[in-house]
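Residue-level listing of the chains:
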Amino acid sequence: MPPKKRGAVPPVAIKTPSIKFYRNIAVTFLVLTVALLLAVAYMSVKKVTIRVVAQPVTIQVSAQARVGEQAEDMPHLAGATGRFDVELSRDFQPTGTKEKEVQATGKVIIKNTTNKNQPLVATTRLLAPDGVLYRLKNTVTVPAGGQVETDIYADKPGKASERPLVETEVDKVERLTIPGLFEPMQAKIYAILSAPVSGGAQKVGVVSEEDIKKAKDELRAAALDEGRRLLVAREKASDVMGYAGAIQSITFETIGTDQKEVSAFTVKATAVVVGALYNKDEAIQLVNNRLQDKVARQPVKLALGEAFPEVKVDRVDDGGKWVQLAIAQSGVTYLTENSPAFDPMKFYGKSRADIEAYVRGISGVQDVSVKFRPAWSDVAPRVPEHIEVRVVGE
């Protein structure tokens, strides 16, 4: 049987993509490319600058050194030592005062309207209208029909006896009568004030414990100065040499303080003073080296001060062979950009507020400001090269 013939397969229609389809693909690709380029560009320009104002931090160091006989375990300074016996005596004024009642004094004119001379001995009484009594200081003779001026003093001490010049309506002056004369003569021989009676109270010095303490402190300082003068004179030292001294022993004697009222008192001091002349340049170099060693491994900048170190006597040899000095100095350090606290990773993705709070918490920071680029950016990038920290002094 002959095979059947297959029918012809009908053609399949293939739909060709439209131009619009290709255009959409192209546009999408272009948009993605532009977005990627913009993202790359943004990331390449995104930057944060952190400006830190560093606050100075004071550091201190101390060192010990000997002058005189050297020690194996201690630095040595060139110089000389001395031990001196010093005796000083000075007068001082008390600062405390009190008011003391004394007899007020003044002047009177004694008038004699009779035709006979009238002698009056010292201490003759003169009575004021208010009953206050005064006395003549000196013996006088009042000539007949004349007058004489003389000094008087109050019978009792105190301000109550002080008296100003006073006029009355009777004879324009206040009369002082002389009770020792017969009563009829008291109207003819009398006195009037020619100068006020004053000075019924005076301020007198009172030595206090504080006065004695200040006097002793002054003598201690004077004894140290005298020890320095003696050592400098002995060694004929120049200005390149510094001096440090100490008092090994001192005793005081006060004179005049046992009295209740004094105008001055005396204090004597007997002291043993030890001291050392030392090379100032060597002392400065010693403590400056200590400062540099202290910050050698720290990310800070050291500023050495211009002030001279503080030098004191620490110990002395009883035999006078050496003096040990304690030397103290201070310096100032500032933070630098190399500090681990400013590692860029510390700022990755942080906002302005977070950065400022973090930096202000670092010791040695006085102030901080943060600037983003572009301006609308509000967080730090995560690229170390785009995080800049600048540290400036105050």
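Along each chain, residue indices are assigned from 1 in the same order as the chain's sequence is written. In keeping with the model being predicted, local features are shown solely for residues with a pLDDT of at least 70 and side-chain atom pairs are shown and tallied solely at 80 or more, while totals for entire chains, interfaces and linings include all residues. Here the side-chain values reflect all heavy atoms present in the structure, with hydrogen atoms and water set aside.

Bringing the overall build of the chain into the picture now. Put simply, DSSP marks the helices as runs of H or I at least four residues long and the strands as runs of E at least two long, and each gets a number from the N terminus on. Scanning the chain from N- to C-terminus turns up five helices and 21 strands. For every residue, the accessible area obtained with a 1.4 Å probe (protein chains only) is divided by the maximum for its type, and the residue is called buried under 20%, exposed over 50%, and partly exposed between those limits. Here the chain holds 394 residues, and 32% of them are scored as buried. The contacts in the chain between residues at least 6 apart in sequence include a share of 75% that link residues at least 24 apart. Accessible surface computed for the chain: about 24900 Å², of which carbon and sulfur atoms make up 52%. Throughout, a contact is declared for two residues whenever any of their heavy atoms are within 4.5 Å. For every accessible area listed, the method is Shrake-Rupley and the probe measures 1.4 Å; residues are considered covered only by the protein chains on display.

Here the focus is the sheet that holds strand S15 (residues 241-255). Should DSSP find at least two bridges between two strands, the strands are regarded as paired. Sheet architecture is open: three strands sit in the order S4-S16-S15, paired in antiparallel fashion. Two strands bound the open sheet, and with one partner strand each, they are strand S4 (79-92) and S15. For this sheet the average axis-to-axis angle between neighbouring strands, irrespective of direction, equals 20 degrees. Bridge analysis of S15 against strand S16 (residues 265-279) gives 14 bridges, and the strand direction is antiparallel. Residue pairing across strands places Ala244 opposite Ala276, the latter belonging to S16. Against the sheet, helix H4 (residues 280-294) touches S15 and S16, its axis set at about 70 degrees to S16. Note on method: axes are straight lines fitted to C-alpha atoms, helices fitted across the in-contact stretch only, with angles between N-to-C directions ranging 0 to 180 degrees.

What tends to happen in soluble globular proteins is that the nonpolar side chains get buried as a cluster. The definition of a nonpolar core used throughout is a set of buried Ala, Val, Leu, Ile, Met, Phe, Trp, Tyr and Cys residues joined through side-chain atoms within 4.5 Å. Counting residues in hydrophobic clusters, the biggest one holds 20 residues, and the most contacted among them are Ile110, Leu126, Tyr134 and Ile152. For this core, the secondary structure elements donating two or more residues are strand S6 (105-112), strand S9 (133-136), strand S10 (140-142), strand S11 (147-154) and strand S13 (189-198). Among the elements that take part in this core, S13 stands out by supplying four residues, more than any other.

Another point: helix H3 (residues 209-235). Because an α-helix completes one turn every 3.6 residues, residues spaced three or four positions apart along the sequence face the same direction. Helix span, as expected, comes to 1.5 Å for every residue beyond the first. Over its 27 residues, H3 extends 39 Å from the first C-alpha to the last, a length consistent with the 39 Å expected when each residue adds 1.5 Å. Three or more residues of H3 are buried, namely Asp211, Ile212, Ala215, Leu219, Ala222, Ala223, Gly227 and Leu231. Buried residues along H3 sit against S4, strand S5 (96-101), strand S14 (201-206), S15 and S16.

Okay, the confidence of the model for the chain next. Where the model shows low pLDDT, its predicted coordinates should not be examined in detail. The predictor reports its confidence for every residue as pLDDT, a score running from 0 up to 100. Chain-level statistics for the chain give a pLDDT mean of 86 and a share of 89% at 70 or above. Within the chain, no element has a lower average pLDDT than helix H1 (residues 19-45), which sits at 63, and none a higher one than S9, at 96.

A word on the pairing of S16. Counted residue by residue, S16 has 13 buried out of 15 residues, so it is predominantly covered. Bridge analysis of S4 against S16 gives 14 bridges, and the strand direction is antiparallel. Within the sheet, the bridge partner assigned to Asp85 lies in S16 and is Val272.

The next point concerns the environment of Asp239. With respect to the secondary-structure elements, Asp239 resides in the loop between H3 and S15. Look at Asp239 and you get exposed, because its relative accessible area is 71%.

All right, on to the packing of aromatic side chains then. Stacked, edge-to-face and tilted are the three classes for Phe, Tyr and Trp ring pairs, Trp counted by its six-membered ring, which pair at centre distances within 6.5 Å; planes under 30 degrees apart are stacked, over 60 edge-to-face, the rest tilted. Going through the model one piece at a time under the given rule, you end up with two aromatic pairs. Look at Phe347 and Tyr358: their rings are 5.7 Å apart centre to centre, the planes differ by 80 degrees, and that puts the pair in the edge-to-face class. Taken together, the residues Phe347 in the loop between strand S19 (322-335) and helix H5 (352-360) and Tyr358 in helix H5 connect sequence positions 11 residues apart. Taking relative accessible area as the criterion, Tyr358 reaches 27% and is therefore assigned partly exposed. Across the ring face of Tyr334, the terminal group of Lys301 is positioned such that the distance to the ring centre comes to 5.7 Å. Any Lys NZ or Arg CZ that is within 6 Å of a ring centre and within 35 degrees of that ring's normal is treated as a charge sitting over the ring.

What follows deals with the pattern of salt bridges. Any Lys or Arg side-chain nitrogen found within 4 Å of a carboxyl oxygen on Asp or Glu counts as a salt bridge. Following the criterion strictly, the structure yields 14 salt bridges and no others. Where Arg135 meets Asp155, a salt bridge forms, and the shortest distance between an N and an O atom there is 2.7 Å. Here Arg135 is found in strand S9, whereas its partner Asp155 is found in the loop between S11 and strand S12 (175-176), with 20 residues between them in sequence. Taking the relative accessible area as the measure of exposure, Arg135 reaches 22% and is therefore partly exposed. Accessibility expressed as a relative area gives 26% for Asp155, which makes it partly exposed. Here Arg390 and Glu388 are joined by a salt bridge, their closest N and O atoms 2.8 Å apart. With a relative accessible area of 24%, Glu388 lands in the partly exposed category. Taken together, the shared-partner salt bridges connect Lys47, Glu388 and Arg390 into one network.

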